[in-house]
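Geometric and topological summary
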Amino acid sequence: MNRRGFLFPWKGGNNFRLLIDGSEFFQAMLAAIDAAKESVLLELYLVESGQVVDRFIAALASAARRGVRVRLIFDDFGARLLLRSDRQCLLAAGVGLLFFNPLQSRRWRRNLHRDHRKLLVIDGQIAYTGGSGLSDAFDGGKGSDLQWHDLMLEIRGPVVADWQALFADTWRLVCGQLLDVPAVAPSTGRSDGHPGRVTAHGHLPLSSDIIRSLLKQLRRSRQRVWLATAYFLPSWKLRRALRRAARSGVDVRLLLPGPRTDHPSVRRIGHRHYGPLLRAGVRIYEFQPRFLHAKMQLCDNWGSIGSSNLDRWNLRWNLEAHQELRDPDLLARMEALFAEDFATSQEFDYEQWRRRPWYRRQVERLWGDVEALVYWLIKILQPRSPG
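Residues numbered from 1 in each chain as written. Predicted model: local features only at pLDDT ≥ 70, side-chain atom pairs only at ≥ 80, totals over all residues. Heavy atoms only, no water.

**A look at the pairing of strand E8 (residues 151-156)**
Counting buried residues in E8 gives 5 out of 6 residues, a clear majority hidden from the surface. Pairing between strand E1 (residues 11-20) and E8: 6 bridges, direction antiparallel. Bridging from a neighbouring strand, Phe 16 pairs with Ile 155 of E8. For strand E7 (residues 126-130) and E8, the ladder comprises 5 bridges, and the chain directions are antiparallel. Counterpart to Tyr 128 in the pairing with E8 is Glu 154. (Buried < 20%, exposed > 50% of the residue type's maximum accessible area, 1.4 Å probe, protein only. Helix = DSSP H or I, 4+ residues; strand = E, 2+ residues; numbered from the N terminus. Pairing = 2+ DSSP bridges.)

In C-alpha cells, the structure reads:
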C-alpha cells in the first residue's frame, strides 16, 4: 500500500444486512456459528462473563468439537471480566484463543494500545462487524431501557476476504504465526450486489483509513451528513469539516448519547464542542431511551458501520475497522433508523445552548482542561509500535 492509498480497494457484488440491537444480531451470529463447516474467526474488545458469553461459548465449543477451526482474539483489557472457567472451557474444546497486548506493568505506555475491533468471519463467506461486544449489556431484552442500543452489519461477498485478511494480520501480530485457516478464494460477487470497502486503523500510529475516508466524504457531501457515535471527542480537523459542511448548506446532524452512558465524564468533555458546532448550523441530538453505543455514518450515497467512535483516543491507540458501502436499500434502512432515533432524542439549538446555567459552563471548562491534559500526555506516551 502506498502512503496515500487505502489498505483495501472498493469491491462490487456484496450484500449487506443491518441488524439492530443484541436481540437481533446475537441470534444471527449464533446461527452462523452453528452452521459453520470450516472456520470461525472472532475478534472482539469487550468480552464479559454472563448469559451472552455462555451462549457463545456453547456455540464456539460445539463448532470446535465437530472439527471447525475456531480462532479467537480478545483484547486483554476488554476481556478482563471473562472468568478463568470460561477461558478453560474454550481451550478444552480445542478453540484457539489469543489475547491482544496482555497487560504488563513494565510496558505501561504500551498497555494503552488496544484491539477495539468487532469482527466475526464464518467459513470465509459471511462476516459481521459493528459496535457490539459479548456482554449482557447488549441483550437486556427487546425494549428494555437497560439494553445498549447498537448495530451489527452482516456482510456477504468479495469484501469478506478482506475482513479475513485483517483478522489474519492481527493473529500474526499477536502470536507471530500465520493463521491456520485457508485463504478465501477470489470472488466476483453477485450480479445484484453492491460496492463495499473495508477501512481500518492499523498497526501504525495515525495511519487511519477510517478518518481519512470520513473527512473525504464530508468534503464531497452536498445533501446530508448524519453521524452516530458513542463517544464524541472529535479532532480539530473533524470539527472543522463538520462546520464547513453545515455552513455550505449540507444537513449535518450528530446523534450522541444522552444521560444514559457508561462514561458521563466523556459526555461532559464532548459538550465543550457543542457551541461552535451549533453556531455553524450543525444539529445535535442526544439519544434519551438507552445508552447509544452505535457507530454509524451516512453521507449522501455513502455509508459506514464499524467499531470506531468519533474520538481521538480511538484513532490514536486502538485497532479499529469499518465497512463502507454504497447500497441504496441499506442506506435507506440506515436513514430510517436515524430518523427513528432522532425522534426519541433531545435536540439542542444554539440559543438554548447559550442560555445554559453558568455552573454547567464551569464544569465543561474543567473537563476541557482535563481533555487538554490527557492529549498532551498522549503525545508524550505515544508508542512507536503496538508490539
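From this point, the discussion proceeds with the structure in view.
**Focus on the pattern of salt bridges**
Any two side chains of opposite charge can pair if their charged atoms end up close together. Scanning the model with the defined rule gives 16 salt bridges in all. Between Asp 75 and Arg 114 there is a salt bridge; the shortest N-O distance is 3.0 Å. Linking Asp 75 in strand E3 (residues 69-75) with Arg 114 in strand E5 (residues 114-115), this pair joins segments that are 39 residues apart in sequence. The exposure class of Arg 114 is buried, given its relative accessible area of 6%. Note that Asp 251 and Arg 253 form a salt bridge whose closest N and O atoms lie 3.0 Å from each other. Residue classification places Arg 253 among the buried residues on the basis of a relative accessible area of 15%. When salt bridges with common partners are traced through the structure, they connect Arg 17, Glu 154 and Arg 156 into a single cluster. (Salt bridge = Lys/Arg side-chain N within 4 Å of Asp/Glu carboxyl O.)

**A few points about the packing of helix H1 (residues 22-34) against helix H2 (residues 51-65)**
In the contact formed by H1 and H2, the axes pass within 9 Å of each other and the chain directions differ by 15°. Taken together, the axis directions place H1 and H2 in an arrangement best described as roughly parallel. Read as a crossing pair, H1 and H2 show a hand that is left-handed. On H2, the residues touching Phe 26, Met 29, Leu 30, Ile 33 and Asp 34 of H1 are Val 52, Arg 55, Phe 56, Ala 59, Leu 60 and Ala 63. Of the residues in the contact of H1 with H2, the class split is 9 nonpolar, no polar and 2 charged. (Axes fitted to C-alpha atoms, helices over the stretch in contact; angles between N-to-C directions. Parallel < 35°, antiparallel > 145°, perpendicular 65-115°, else oblique. Left-handed = near helix turned anticlockwise from the far one by under 90°. Contact = heavy atoms within 4.5 Å. Nonpolar A, V, L, I, M, F, W, Y, C, P; charged D, E, K, R; others polar.)

**Comments concerning the environment of Asn 318**
Secondary-structure assignment places Asn 318 in strand E17 (residues 318-325). Taking the C-alpha atoms as reference, Asn 318 lies 7.4 Å from His 201; in sequence the two are 117 residues apart. If we skip the residues at most four places from it in the chain, Asn 318 touches Leu 112, Arg 114, His 116, His 201 and Trp 313. At 3.4 Å, the side chain of Asn 318 and the side chain of Glu 320 are in polar contact. (Polar contact = N/O pair within 3.5 Å; in protein donor to acceptor, adjacent residues only side chain to side chain.)

**Here's the deal with unusual backbone geometry**
Of all residues except glycine, most have a negative phi; of all peptide bonds, most are trans. Positive phi, normally seen in glycine, also occurs at Asp 123, with a value near 55°. Secondary-structure assignment places Asp 123 in the loop between strand E6 (119-122) and E7. For Asp 300, which is not glycine, the phi torsion reads 50° and is therefore positive. Structurally, Asp 300 is set in the loop between strand E14 (296-299) and strand E15 (302-306). Given a relative accessible area of 18%, Asp 300 falls into the buried group.

**Some thoughts on the packing of aromatic side chains**
All told, the structure shown has 14 aromatic pairs when counted by the stated rule. Look at Trp 148 and Phe 291: their rings are 4.8 Å apart centre to centre, the planes differ by 85°, and that puts the pair in the edge-to-face class. Note that Trp 148 is positioned in the loop between E7 and E8 and Phe 291 in the loop between strand E13 (283-287) and E14, a separation of 143 residues in sequence. The exposure classification of Trp 148 matches that of Phe 291, with both residues buried. The structure contains a cluster of three or more aromatic residues connected by ring pairs, namely Phe 138, Trp 148, Tyr 231 and Phe 291. Here the guanidinium or amino end of Arg 80 rests over the ring plane of Phe 77, the centre of that ring lying 4.1 Å away. Sitting over the ring of Trp 226, Arg 224 keeps its end group 5.2 Å from the ring centre. (Phe/Tyr/Trp six-rings, centres within 6.5 Å; stacked < 30°, edge-to-face > 60°. Lys NZ or Arg CZ within 6 Å of the ring centre and 35° of its normal.)

**Focus: the packing of helix H5 (residues 209-220) against helix H6 (residues 236-247)**
Between H5 and H6, whose axes approach to 9 Å, the crossing angle comes to 20°. It follows that H5 is roughly parallel to H6 by the angle criterion. Of the two elements, H5 crosses H6, and the hand of that crossing is left-handed. Where H5 approaches H6, its residues Leu 214, Leu 215 and Leu 218 are matched on the opposing element by Lys 237, Leu 238, Ala 241, Leu 242 and Ala 245.

**Considering the side chain of Asp 209**
By the element assignment, Asp 209 lies in helix H5. For Asp 209, a relative accessible area of 4% gives the class buried. Here the side chain of Asp 209 touches Arg 212 through a polar contact of 3.3 Å, side chain to side chain. Ignoring anything within four residues of it in the chain, the contact list for Asp 209 reads Gly 5, Phe 6, Leu 7, Thr 199 and Ala 200.

Taken by themselves, the reported measurements are silent on function.
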